[in-house]
Amino acid sequence: MKSRNEVLFEQSQRVIPGGVNSPVRAFRSVGGTPRFFRRGKGAWLWDEEGNAYIDYVGSWGPMILGHCHPEVVQAVQEAAADGLSFGAPTARELEMAQTLVRLMPSLEMVRLVSSGTEATMTAIRAARGFTGRDVVVKFEGCYHGHADALLVKAGSGLLTFGQPSSAGVPADTTRHTLVLDYNDVEGLEKTFASRGDEIAAVILEPVVGNMNFVRPSESFLRTLRALTEKHGAVLIFDEVMTGFRVGPQGAQGLFGIRPDLTTLGKVVGGGMPLGAFGGRRDIMEKLAPLGPVYQAGTLSGNPVAVAAGLATLRLVSEPGFFERLSGTTAALVNGMAAEARRHSVPFSADALGGMFGVFFRDRAPESYAQVLQSDRDAFNRFFHLMLEQGIYLAPSAFEAGFVSAAHGAEEIRKTVAAAGIAFGRMRG
């Protein structure tokens, strides 16, 4: 007899491409049947069959407080009772903009949008409009949403002109996109020496979460900031994932780098569809209606989403929040690493704030090429062994994991114990 999850997935595939509304949810990378979730509370999820799981996906990052935090739920209910959308300014939008400017010093002006993809797409348009240049530099393994110009993969060698990595994206759309290797200082220097005066912007995840978790080297970030300043290019930090997730001022606060523009999403919406981008006043004033760079959105600054985001940001801004969250995440990855050593399984892990990565290789990677050296078959087996024990990890070896403030000592203990059992079975 088929499970409820299997039945729902079969039915979904008849009316939804691949049966899912975002590709990684389909379990294609790890195999098996995706879980259809009915509800969440704190660090836990329950699927349509009533099975409980400790959640380390957290809706891919937004649920930093855990699921159904009472203050966030109350804020959403109160906002919804006043109206779902107005298509006009609200006081809550102003409060959100003021909050973001206060919390993140690089933001002098902010505009609210409805998604991280929209934020990065418009930030690049603003950078091009501000500089009058066309070329954009991105890094292999960094994902910045599904805007056409950013769906690019690198070839071999120092750099390549971007070739589309998605059908439906014309080569002309990506011909102004250059792809470099993450953490490659020499590649940066050579690129700016030869093309620096053509580059409108450099965009990167300051801590990568879309090829699993990869942290930047200090020399890489310092060189990037110096070169963009020297050549008049706009430095864009894509903090859709890391913003208010790895620290109270995002990754830029941790590393002491002030980008020209920053894109935000996930945590700033508290689980609701909300994004933002902002930065230097002179760049942001190029946006319509003040300037020639057009951007608009019917649901931008949606009052219900903004209410959820404001409630979330108030709670994560409380003293000691990130110290506690970082401690919980460290206990998780250190515990799993210890179990891997006990069972002689090649394994490494790394973390910042409430974000982490696990790899089936001896050392945490520093680039996309090193990520590819991780044993993906081992990860897939580990994923299913953990799922069987009620631990829900991202269903891909190329995605970071997330810990929430609702994860307590008992959830971490259960997860580490489950990892020990999984490692033992992998060696057996």
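Residues numbered from 1 in each chain as written. Predicted model: local features only at pLDDT ≥ 70, side-chain atom pairs only at ≥ 80, totals over all residues. Heavy atoms only, no water.

Before going further, it helps to spend a moment on the overall build of the protein chain. Each helix and strand counted, the protein chain has 14 helices and 17 strands in total. Relative to a compact globule of 428 residues, whose C-alpha radius of gyration would be 22 Å, the protein chain shows 21 Å and is just as compact. For the protein chain, the spread of C-alpha atoms along the principal axes amounts to about 60 × 55 × 50 Å. Looking at the 428 residues of the protein chain, the share that counts as buried comes to 56%. If you take every contact in the protein chain between residues at least 6 apart in sequence, the share linking residues at least 24 apart comes to 72%. Across the protein chain, 42 positive and 43 negative side-chain charges occur, with their mean positions spaced 3 Å apart. (Helix = DSSP H or I, 4+ residues; strand = E, 2+ residues; numbered from the N terminus. Rg over C-alpha atoms; globule rule 2.2 N^0.38 Å. Buried < 20%, exposed > 50% of the residue type's maximum accessible area, 1.4 Å probe, protein only. Contact = heavy atoms within 4.5 Å. Lys, Arg positive; Asp, Glu negative; His and termini not counted. Charge placed at Lys NZ, Arg CZ, Asp CG, Glu CD.)

Another aspect to go through is the confidence of the model for the protein chain. Residue-level pLDDT values for the protein chain average 95, and 97% of them are 70 or greater. The low-confidence segment residues 154-162, where pLDDT is below 50, has 25 contacts with residues more than four positions distant or belonging to other chains. (pLDDT = per-residue confidence, 0-100.)

It is worth spelling out the packing of aromatic side chains at this point. Scanning all chains against the criterion turns up 16 aromatic pairs. Ring centres of Phe321 and Phe322 lie 5.2 Å apart, and the angle between their planes is 80°; this geometry places the pair in the edge-to-face category. Overall, Phe321 belongs to the buried group, its relative accessible area being 7%. What makes Phe322 buried here is its relative accessible area of 8%. Ring centres of Phe360 and Phe423 lie 6.2 Å apart, and the angle between their planes is 65°; this geometry places the pair in the edge-to-face category. Taken together, the residues span a long stretch of sequence, with Phe360 in the loop between strand S15 (355-359) and helix H12 (368-372) and Phe423 in helix H14 (residues 409-427) at a distance of 63 residues. On the basis of relative accessibility, which here comes to 0%, the residue Phe423 falls in the buried class. Geometry around Trp46 places Arg39 over its ring, the cationic atom sitting 4.0 Å from the centre. (Phe/Tyr/Trp six-rings, centres within 6.5 Å; stacked < 30°, edge-to-face > 60°. Lys NZ or Arg CZ within 6 Å of the ring centre and 35° of its normal.)

The four strands are arranged S1-S2-S3-S16 in an open sheet whose pairing can be described as mixed. On the outer flanks of this sheet lie strand S1 (37-41) and strand S16 (391-392), each paired with one strand and no other. Across four bridges, the pairing between S1 and strand S2 (residues 44-47) is antiparallel. Along S2, the bridge assignment pairs Lys41 with Trp44. Contacts from H14 reach S2, strand S3 (52-55) and S16, with the element oriented near 100° to S3. (Pairing = 2+ DSSP bridges. Axes fitted to C-alpha atoms, helices over the stretch in contact; angles between N-to-C directions.)

Tracing the sequence through the fold places Ile124 in helix H4 (residues 116-131). Residue classification places Ile124 among the buried positions, given a relative accessible area of 7%. When the C-alpha atoms of Ile124 and Phe402 are compared, they prove to be 27 Å apart, with 278 residues separating the residues in sequence. The residues touching Ile124, leaving out its near neighbours within four places in the chain, are Val136, Leu150, Ile203 and Ile236.

The next point concerns the pairing of strand S11 (residues 234-239). Across the six residues of S11, six count as buried, placing the element largely inside the fold. Alternating positions in S11 separate into two faces, Val234, Ile236 and Asp238 on one and Leu235, Phe237 and Glu239 on the other, with burial throughout. Alignment of strand S10 (residues 199-204) against S11, held across four bridges, turns out to be parallel. Within S11, the residue paired with Ile203 across the bridge is Ile236. With helix H7 (residues 218-231) bridging S10 and its parallel neighbour S11, the resulting β-α-β unit is right-handed. As defined by bridge partners, S11 adjoins strand S12 (residues 261-264) across four bridges and the pair is classed as parallel. Across the sheet, residue Ile236 finds its bridge partner in S12, namely Leu261. (Right-handed = clockwise from strand over helix to strand, strands pointing away.)

Taken N-terminus to C-terminus, the directions of helix H6 (residues 185-195) and H7 make an angle of 10°; their axes are 9 Å apart at the nearest point. Comparing their axes, H7 and H6 come out roughly parallel. Each of Val185, Leu188, Glu189 and Phe192 in H6 lies in contact with H7, whose residues at this interface are Ser219, Phe220, Thr223, Leu224, Leu227, Thr228 and His231. Broken down by class, the residue content of the contact of H6 with H7 amounts to six nonpolar, four polar and one charged. (Parallel < 35°, antiparallel > 145°, perpendicular 65-115°, else oblique. Nonpolar A, V, L, I, M, F, W, Y, C, P; charged D, E, K, R; others polar.)

So, about the sheet that holds strand S17 (residues 401-402). Read from one edge of the open sheet, three strands run S14-S15-S17, paired in antiparallel fashion. The sheet is open, and its two edges are formed by strand S14 (348-352) and S17, each paired on a single side. The pairing of S14 with S15 spans five bridges and is classified as antiparallel. Note on S15: the bridge partner recorded for Ala351 is Phe356. Sheet contacts for helix H11 (residues 321-342): S14 and S15; angle to S15, the most-contacted strand, approximately 10°.

Here the structure, examined in full by the defined rule, presents 15 salt bridges. The partner of Glu229 in a salt bridge is Arg225, and the shortest N-O contact between them spans 3.6 Å. Of this pair, Glu229 and Arg225 both sit in helix H7, four residues apart, which is roughly one turn of the helix. Arg225 sits in the buried class, given a relative accessible area of 10%. Beyond isolated ion pairs, a larger network of salt bridges with shared partners links Arg225, Glu229, Asp260, Arg280 and Asp282. (Salt bridge = Lys/Arg side-chain N within 4 Å of Asp/Glu carboxyl O.)

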